[in-house]
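Okay, here's what each chain looks like letter by letter:
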Amino acid sequence: MRKTVAPAEGLKGTVALPADKSIAQRSALFALLSPGPSRITNYPAAGDPLTALSCVRQLGADVTHNGNEVHVTGTGRDDIRIPAEPVDCGNSGTVMRLLAGILTGAGIPARLVGDASLSRRPMKRIMDPLSRMGADFRSADGGLPPLDIRREKPFQSIRFQLPVASAQLKSSVLLAGLFGKEPTRVLEPVATRNHTETMLGLAVEREKEINVITSSRRHVIPPQNLDIPGDFSAAAFWLVAGTIVPGSDIVLPAAGVNPTRCAAMHILRRMGADIAIVEDHQGGKEPVARLRVQSARLTPAEIHPQEIPNAIDELPVLAVAMAFADGVSRITGARELRYKESDRLDAIQAVLEAGGVRVEGHEDGLTIYGKPGRRVRAARHDSRHDHRIAMAAAIQSLMGDGDSEIDNAEAASVSYPDFWSHLDSLAYR
Ligand code: S3P
């Protein structure tokens, strides 16, 4: 699908954000492991969360899905069904990596497959620790999916320090750890999103500035009874659009603002963005806030390596914001972006350059030469089948000097099925 995005005079209105993809996928996977019934509301009809539901169904969970409400009766740890067919993880790295942990722990043999994008994403990072825990893997060359997984050896609990700041890797090992008599400990030198530990209620300790998270069979896995908050990663597109398009005023009534997720808001504010937390609901495990963004002039920013995990999914759209800042911005320590649904460093550089923005690409980041008040060149962009590239290109195109086109625009539906209609209703021209 090709979408045309015309320049906008401003964006005004209120956006009902899609529910958080990371939390939704976890709620489905964790509900499988809990023997009790789970009730999840505000479950999104987006590609990756739907994939998570079909996978847990295949593994024996009883799932009913009514509108945005999902009921899951899990199998518990010990009755997961051996899947007769390969388990299709679609576009979702989270589903594949977290499931590999569960299957290792449970000793359930399975083949995990994914789409063309997922089939290019590195799995060696999970295969290494999960092999130490007893799993045997067969994969395509270089540790790429499809993954055949089985465990004939006894389960082994481990102590594991994350070699890359990845919440998916952390979660994969902790989920396998839930099956061991002895505790498995994951050491996290740089904090990553903490949804797994908060949703499962795992113990987190601090050892010399490092988070240490523990899981074992002794841990009771709670049923998942939750209302999924709005996705901060979706909110980030509107925070940037509302900032860079003059005359904008956007309200996001229910954005998840988990502190391990919203560094992009702090970075944008540091650049001079006018983002207000109008109302704050800190009560639940996952804090939610009403945000309002109005256009502002931006100064350049440096994004530091330790901020990267906390802003990892927002970096493409932050790069777009940087193109409109008054000077040179830098992103460093972001090599992980090369292993996402596309090589996002390369993809976002191509989007910026097509718009006439000067960019230098580095192995682990970008240098972006911004100009305030500019119009970018209208261009034809390719999403590379990556939802966040499709949406970042669209936001940049709002500041085009004519109509831009986004090819493979349907990719947005992996996390944000209503993105294009929300864009149409917010933009005035
Ligand atoms: C995710 C973690 C991040 C993020 C991805 C979702 C998760 O990946 O980029 O979109 O749900 O745990 P890594 O943990 O591999 O960096």
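Just so it is clear, the model here is predicted, and its values are computed rather than measured.

Engineer: What am I meant to see in the site of the ligand here?
Structural biologist: In the vicinity of the ligand, the contacting residues are Ser22, Arg26, Thr94, Ser166, Ala167, Gln168, Arg193, Ile312, Asp313 and Lys340. Note that an oxygen atom of the ligand is positioned 2.6 Å from one of the side-chain N or O atoms of aspartate 313. Residue lysine 340 places a side-chain N or O atom 2.7 Å away from an oxygen atom belonging to the ligand. Starting from 390 Å² of accessible surface for the ligand in isolation, the protein chains cover 96%. When atoms are counted within 2 Å of each cavity's grid points, the one that captures over half of the ligand is the largest pocket. Those elements that provide at least two residues to the shell around the ligand are α1 (21-33) and α5 (167-177). Here the residues of the shell around the ligand are counted per class, giving two nonpolar, four polar and four charged. Each of domain 1 (3-19 + 229-428) and domain 2 (21-157 + 171-177) contributes no fewer than three residues to the shell around the ligand.

Engineer: Hey, could you run me through α1 in this one?
Structural biologist: Since one α-helical turn is 3.6 residues long, residues separated by three or four positions face the same way. If you check α1, its first and last C-alpha atoms are 19 Å apart, about what 13 residues at 1.5 Å a residue would give, namely 18 Å. One side-chain oxygen of the residue at the start of α1 lies 2.8 Å from the amide nitrogen of serine 22, identifying that residue as aspartate 20.

Engineer: What am I meant to see in empty space enclosed by the protein here?
Structural biologist: Unfilled space is identified by rolling a water-sized probe across the atoms. Tallied over the entire structure, the rule returns one cavity of 30 Å³ or more. In this structure, the largest cavity spans a volume of roughly 30 Å³. Class assignment of the residues belonging to the lining of the largest cavity gives a composition of four nonpolar, three polar and three charged.

Engineer: I tried to follow the pairing of strand β17 (residues 288-294) on my own but got confused; where do I start?
Structural biologist: Both faces of the sheet carry side chains from a regular strand, because those side chains alternate between them. Bridge analysis of strand β15 (residues 249-256) against β17 gives six bridges, and the strand direction is antiparallel. Bridge pairing links isoleucine 250 to valine 293 in β17. Here seven bridges tie strand β16 (residues 274-281) to β17, and the two strands are oriented antiparallel to one another. Among the inter-strand pairings, alanine 276 is bridged to a residue of β17, identified as arginine 292.

Engineer: Can you walk me through the domain arrangement of the chain in this structure?
Structural biologist: Where interface size is quoted, it is often the accessible area lost as the parts come together. Segmentation of the chain into domains returns domain 1 (3-19 + 229-428) and domain 2 (21-157 + 171-177). Distance from the C-alpha centre of domain 1 to the C-alpha centre of domain 2: 30 Å. The interface of domain 1 with domain 2 comprises 16 residues on the first partner and 15 residues on the second. Across the domain 1 to domain 2 interface the summed buried area is about 1,300 Å²; carbon plus sulfur atoms make up 49%. Contact with domain 2 buries surface across domain 1, with Ala19, Glu341 and Val414 losing the most and accounting together for 43% of the total. Across the contact surface, domain 1 and domain 2 share two salt bridges. The tally of links from domain 1 across to domain 2 stands at eight residue pairs in polar contact (both at pLDDT 80 or more). Here the side of domain 1 that touches domain 2 is built from residues that sort into six nonpolar, three polar and seven charged.

Engineer: Before we go on, may I ask you to explain the sheet that holds strand β1 (residues 3-5) in this structure?
Structural biologist: Either a parallel or an antiparallel arrangement is found when strands of a sheet pair, and the pairing is made through backbone hydrogen bonds. Strand order in the open sheet made by the three strands is β1-β23-β22, with mixed pairing throughout. Taken across any chain shown, the strands that pair with only one partner, and hence form the sheet edges, are β1 and β22 (380-382). Pairs of neighbouring strands in the sheet enclose a mean axial angle of 25 degrees, with direction left out of account. In this sheet, strand β23 (residues 404-407) lies alongside β22 in parallel orientation, the contact comprising three bridges. Opposite histidine 381, over in β23, you have isoleucine 406 as the bridge partner.

Engineer: Hey, could you run me through the packing of aromatic side chains in this one?
Structural biologist: Both the distance between ring centres and the angle between the ring planes are used here to describe each pair of aromatic rings. Enumeration over the complete set of coordinates arrives at five aromatic pairs. With a centroid separation of 5.3 Å and an interplanar angle of 20 degrees, the aromatic rings of tryptophan 238 and phenylalanine 419 are classed as stacked. A residue pair is termed long-range when its members are at least 10 positions apart, and tryptophan 238 in helix α7 (residues 232-244) and phenylalanine 419 in helix α13 (residues 419-426) qualify at 181 residues. In this structure, tryptophan 238 and phenylalanine 419 share a single accessibility class: buried. Judged by centre distance (5.0 Å) and plane angle (80 degrees), the ring pair of phenylalanine 419 and tryptophan 420 falls under edge-to-face. Summarising the burial analysis for this pair, phenylalanine 419 and tryptophan 420 share the class buried. By way of ring pairs, the aromatic residues Phe237, Trp238, Tyr416, Phe419 and Trp420 are connected into one cluster.

Engineer: Would you mind showing me how to read the sheet that holds strand β24 (residues 427-428) here?
Structural biologist: Spatial strand order, β16-β17-β15-β2-β24: five strands in an open sheet with mixed pairing. A strand with exactly one partner marks an edge of an open sheet, and here the two such strands are β16 and β24. Both strand β2 (residues 10-14) and β24 contribute to a ladder of two bridges, which runs antiparallel. Across the sheet, residue leucine 11 finds its bridge partner in β24, namely alanine 427. Strands β2, β15 and β24 of the sheet are contacted by α13, whose axis makes an angle of about 110 degrees with β2.

Engineer: Please clarify how the environment of isoleucine 395 should be interpreted in this entry.
Structural biologist: Relative to the assigned elements, isoleucine 395 resides in helix α12 (residues 387-397). As for isoleucine 395 and alanine 8, which are separated by 387 residues in sequence, their C-alpha atoms are 9.9 Å apart. Setting aside its immediate chain neighbours within four residues, isoleucine 395 contacts Phe237, Trp238, Val240, Ala241, Ile244, Val317 and Phe419.

Parameters and conventions
Residues numbered from 1 in each chain as written. Predicted model: local features only at pLDDT ≥ 70, side-chain atom pairs only at ≥ 80, totals over all residues. Heavy atoms only, no water. Near = heavy atom within 4 Å. Polar contact = N/O pair within 3.5 Å; in protein donor to acceptor, adjacent residues only side chain to side chain. Areas by Shrake-Rupley, 256 points an atom, 1.4 Å probe, with all protein chains shown as cover. 1 Å grid on protein atoms, 1.4 Å probe; cavity = no way out; pocket = protein on both sides within 12 Å on 5 of 7 lines; lining within 4 Å. Sits in = over half its atoms within 2 Å of the grid points. Helix = DSSP H or I, 4+ residues; strand = E, 2+ residues; numbered from the N terminus. Nonpolar A, V, L, I, M, F, W, Y, C, P; charged D, E, K, R; others polar. Domains from an automatic or database assignment. Expected span 1.5 Å × (residues − 1). Points joined across faces, edges and corners; volume = space filled by probe spheres on them. Pairing = 2+ DSSP bridges. Contact = heavy atoms within 4.5 Å. Buried area = accessible area lost by both parts, 1.4 Å probe. Salt bridge = Lys/Arg side-chain N within 4 Å of Asp/Glu carboxyl O. Axes fitted to C-alpha atoms, helices over the stretch in contact; angles between N-to-C directions. Phe/Tyr/Trp six-rings, centres within 6.5 Å; stacked < 30°, edge-to-face > 60°. Buried < 20%, exposed > 50% of the residue type's maximum accessible area, 1.4 Å probe, protein only.

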